[in-house]
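# Structure assessment
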Amino acid sequence: CNHDVKPLEENCHQTLHISRGETLGSLLKGIHIPAVEIEAINRVLKSSYNPRDLKAGQSIEVTYRQNGSDVNLVSLEFKPTLEHEIKVQKLGTGEFKAEKSRIELKKVLRRFDGKIDSNFYSAALKLGIPASIVKEAIKALSYAVNFQHGIKGGDPFELLYEEYQDQNGNRVKTGNLKYIAVVARGQLHRIYAYTTNGSTYGYYNTKGESVVRNLLQNPIDSKRMRITSGFGNRMHPIRGFNCKHKGIDFGAPHGTAVMAAGDGVVVKAGY
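Residues numbered from 1 in each chain as written. Predicted model: local features only at pLDDT ≥ 70, side-chain atom pairs only at ≥ 80, totals over all residues. Heavy atoms only, no water.

Before going further, it helps to examine the side chain of Thr63. Considering the arrangement of structural elements, one finds Thr63 in strand β2 (residues 59-67). Since its relative accessible area comes to 13%, Thr63 is described here as buried. Among the polar contacts made by the side chain of Thr63, one reaches the side chain of His13 at a distance of 2.9 Å. In contact with Thr63, not counting residues within four places along its chain, are Asn11, Cys12, His13, Leu73, Val74 and Ser75. (Helix = DSSP H or I, 4+ residues; strand = E, 2+ residues; numbered from the N terminus. Buried < 20%, exposed > 50% of the residue type's maximum accessible area, 1.4 Å probe, protein only. Polar contact = N/O pair within 3.5 Å; in protein donor to acceptor, adjacent residues only side chain to side chain. Contact = heavy atoms within 4.5 Å.)

Inspection of every chain in the model, using the stated rule, returns 13 salt bridges. The residue Glu77 makes a salt bridge to Lys87 at a minimum N-O spacing of 3.6 Å. With Glu77 in strand β3 (residues 70-81) and Lys87 in strand β4 (residues 84-90), this residue pair connects regions lying 10 residues apart in the sequence. Among the salt bridges present, the one from Glu158 reaches Arg111, with a minimum N-O distance of 2.9 Å. Taken together, the positions of Glu158 in strand β7 (residues 156-165) and Arg111 in strand β6 (residues 106-115) put the pair 47 residues apart, joining distant regions of the chain. One salt-bridge network, in which partners are shared between bridges, spans Glu83, Arg102 and Lys173. (Salt bridge = Lys/Arg side-chain N within 4 Å of Asp/Glu carboxyl O.)

Mapped onto the secondary structure, Asp166 falls in the loop between β7 and β8 (171-184). Comment: no salt bridge for buried Asp166; closest opposite-charge side chain is Lys79, at 5.6 Å. A polar atom in the side chain of Asp166 sits 2.9 Å from the backbone nitrogen of Asn168. With near-sequence residues (within four places) excluded, Asp166 lies in contact with Leu105 and Val172. (Lys, Arg positive; Asp, Glu negative; His and termini not counted.)

In this structure the tally under the stated criterion is six aromatic pairs. The cationic tip of Lys173 hangs over the ring face of Tyr164; the distance from NZ or CZ to the ring centre is 4.9 Å. (Phe/Tyr/Trp six-rings, centres within 6.5 Å; stacked < 30°, edge-to-face > 60°. Lys NZ or Arg CZ within 6 Å of the ring centre and 35° of its normal.)

Here it is in structure tokens:
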């Protein structure tokens, strides 16, 4: 549609995008929708959605009728969330009606096979596995596998997770990790996700035992950590003489999240 000419009455379809600092009203005003209609649209929308909640980058499908220089809105549609759609339509009476509906998503299982290159994280991302799933897989495996020394280049892995798709097969959101297997030091580790009692979600080995019963091999992100002091004899950093170091010290950049190695009770926290 071209506002510089006066065509016969027709419906025009256009995709509009909210810019920073812009409102639905200013967006519609830009295509010459009358102020009285913009006010009516904002009023009916408030029953299902606050127009002020529209974010920059939000797309809105607009259909309007142009008859010469007169422009009147027919309908507008947008998705405030990945699972909901709002549609505003003009009725035969000239009034507007707003409807909010749920978008039906199809849950599918996605399976990937791969091999470790420099590390598990980058190898999984290269396959197209979402970062959230990769991080969850590392968290599940960290109770059984030492990512710093337990795996090496060429070790195979397998991963299964849920994905929610729209009617066109496009990924809308990611579900839960369902299964992860990896070979580390020649040993195959398989971990399954399972919901007990219909509510408690956890990870289990092939014997049906919760992996959380063990201590984490790596209490911090394996991609960011380094070993600052290994197990064995060393010069004590404070006492200044050689003694047995009965553990492994990890270091990581400031701000790195540190996970509890296992269930326990915090008795003291400080510098």
